[in-house]
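Overview (structure and organization)
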Amino acid sequence: MAGHSKWANIRHKKGKEDIRRGKIFTKLAKEIMVAARIGGGDPASNPRLRTATIAARGENMPKDNIERAIKKGIGDLDGANYEEITYEGYGPSGAAVIVEVMTDNKNRTVGEVRHAFSKCGGNLGANGCVAWMFDKKGLMVVDKGAVEEESLMEAALDAGAEDIREEEDCFEIITGPQDFETVRDALEATGFAFSMAEVCMIPQTMTRLEGKDAQQMVKLMEMLEDNDDVQKVHTNADIPEDFE
């Protein structure tokens with residue numbers, strides 16, 4: 001279980017999606033700027049930028065915002081110089097957490113990330129302390145009610161997917177990170193739609209949390225995701241969707 005779709009469901013039930021949406025344009029713009037700075041401003045020849053612009057359009061980010069972010073990335077407009085950093089640490093009961101950030105102030109960001117961990121019963125660790133527990137994979141989530149399992153499985157495997165996992169209310173399609181775009185494009189061309197599609201860190205094993213530990217873990221995830229410098233948060237915490 002990748003864990004990402006379950007966390008998305010928990011966040012939705014807790015009414016956090018509107019808060020997230022209020023911050024998502026900032027995070028998307030940063031990713032577009034950095035992708036353009038590294039690989040150029042043409043999505044056709046820059047896979048990372050293409051993925052970023054697809055994600056932005058999926059969140060209904062205005063076209064002008066996308067174009068402005070690209071121009072800032074390639075230097076046509078003034079913009080902050082963001083640094084990509086990954087932090088690792090432990091949440092309640094030792095659950096592993098990886099935090100990907102983009103920041104123009106490293107000291108500010110590490111202080112805020114460390115504060116979130118300590119406030120929620122965890123601690124920030126050294127680089128490499130939990131990364132070994134995860135595999136970098138492409139992940140696409142398809143709602144069960146929108147597809148037939150057999151046709152999805154056949155199309156995904158033909159496109160080069162590594163695995164298809166059935167969850168309670170969705171299917172998770174797993175690819176190698178290098179195959180993510182190819183598989184996504186092939187499935188979209190066939191007519192499949194995704195509720196989530198990204199390259200992420202998928203845990204090899206899960207850590208089950210309940211009661212107070214589950215509450216603290218959700219609080220930690222929310223604090224991190226609400227931080228404008230944080231782009232993605234990955235965890236191996238297995239939290240019951242009906243936790244109180």
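Residues numbered from 1 in each chain as written. Predicted model: local features only at pLDDT ≥ 70, side-chain atom pairs only at ≥ 80, totals over all residues. Heavy atoms only, no water.

1. Examining the overall build of the chain
Regarding its fold elements, the chain presents eight helices and ten strands. Across the 244 residues of the chain, 45% fall into the buried class. A separation of at least 24 residues holds for 72% of the contacts in the chain among residues at least 6 apart in sequence. Counting every atom, the chain has about 12,000 Å² of accessible surface; 45% of that belongs to carbon and sulfur. (Helix = DSSP H or I, 4+ residues; strand = E, 2+ residues; numbered from the N terminus. Buried < 20%, exposed > 50% of the residue type's maximum accessible area, 1.4 Å probe, protein only. Contact = heavy atoms within 4.5 Å. Areas by Shrake-Rupley, 256 points an atom, 1.4 Å probe, with all protein chains shown as cover.)

2. Let's talk about the nonpolar core
It is characteristic of soluble globular proteins that their nonpolar side chains tend to be buried jointly. Within the largest apolar cluster, 22 residues are counted, with the highest numbers of intra-cluster contacts made by Tyr87, Val97, Val99, Phe117, Met217, Leu220 and Leu224. Of all the elements in the fold, those that place two or more residues in this core are strand 1 (83-90), strand 2 (96-103), helix 5 (106-119), helix 8 (211-225) and strand 9 (230-235). Top contributing element to this core by residue count: helix 8, with six residues. Sequence-distant contacts of Leu220, defined by excluding residues within four places in its chain, comprise Gly91, Val97, Ala116, Phe117 and Cys120. Of all hydrophobic cores here, the second largest spans 17 residues; its members include Ile24, Leu28, Ala69 and Ile70. (Core = buried A, V, L, I, M, F, W, Y, C linked by side-chain atoms within 4.5 Å.)

3. Describing unusual backbone geometry
Residue Asn60 is not a glycine yet carries a positive backbone phi of 60 degrees. If you trace the backbone, Asn60 turns up in the loop between helix 3 (47-58) and helix 4 (63-74). At Ser93, a position not held by glycine, the phi torsion is positive, near 60 degrees. Summarising the element assignment, Ser93 is placed in the loop between strand 1 and strand 2.

4. A closer look at the confidence of the model for the chain
Here the chain averages 89 in pLDDT, and 90% of its residues register 70 or above. Helix 5 holds the highest mean pLDDT among the elements of the chain, 97, whereas helix 1 (residues 4-13) holds the lowest, 55. (pLDDT = per-residue confidence, 0-100.)

5. A few points about the packing of aromatic side chains
The full count for this structure, using the stated rule, is zero aromatic pairs. Sitting over the ring of Phe171, Lys144 keeps its end group 5.8 Å from the ring centre. (Phe/Tyr/Trp six-rings, centres within 6.5 Å; stacked < 30°, edge-to-face > 60°. Lys NZ or Arg CZ within 6 Å of the ring centre and 35° of its normal.)

6. Some thoughts on the sheet that holds strand 3 (residues 123-124)
The strand order across the open sheet built from four strands is 3-1-2-9, with neighbouring strands paired in antiparallel fashion. Since the sheet does not close on itself, it has two edges, and those belong to strand 3 and strand 9, each with one partner. Pairing of strand 1 with strand 2, which is carried by eight bridges, proceeds in the antiparallel orientation. If you follow Ile85 over to strand 2, its bridge partner there is Val101. Along the sheet, helix 5 contacts strand 1, strand 2 and strand 3; its crossing angle with strand 1, the most-contacted strand, is approximately 20 degrees. (Pairing = 2+ DSSP bridges. Axes fitted to C-alpha atoms, helices over the stretch in contact; angles between N-to-C directions.)

7. Observations regarding the pairing of strand 1
Between strand 1 and strand 2, which follow one another and run antiparallel, lie five residues, and Ser93 among them has a positive phi close to 60 degrees. In this sheet, strand 3 lies alongside strand 1 in antiparallel orientation, the contact comprising two bridges. The residue bridging Tyr90 from the neighbouring strand is Asn123, located in strand 3.

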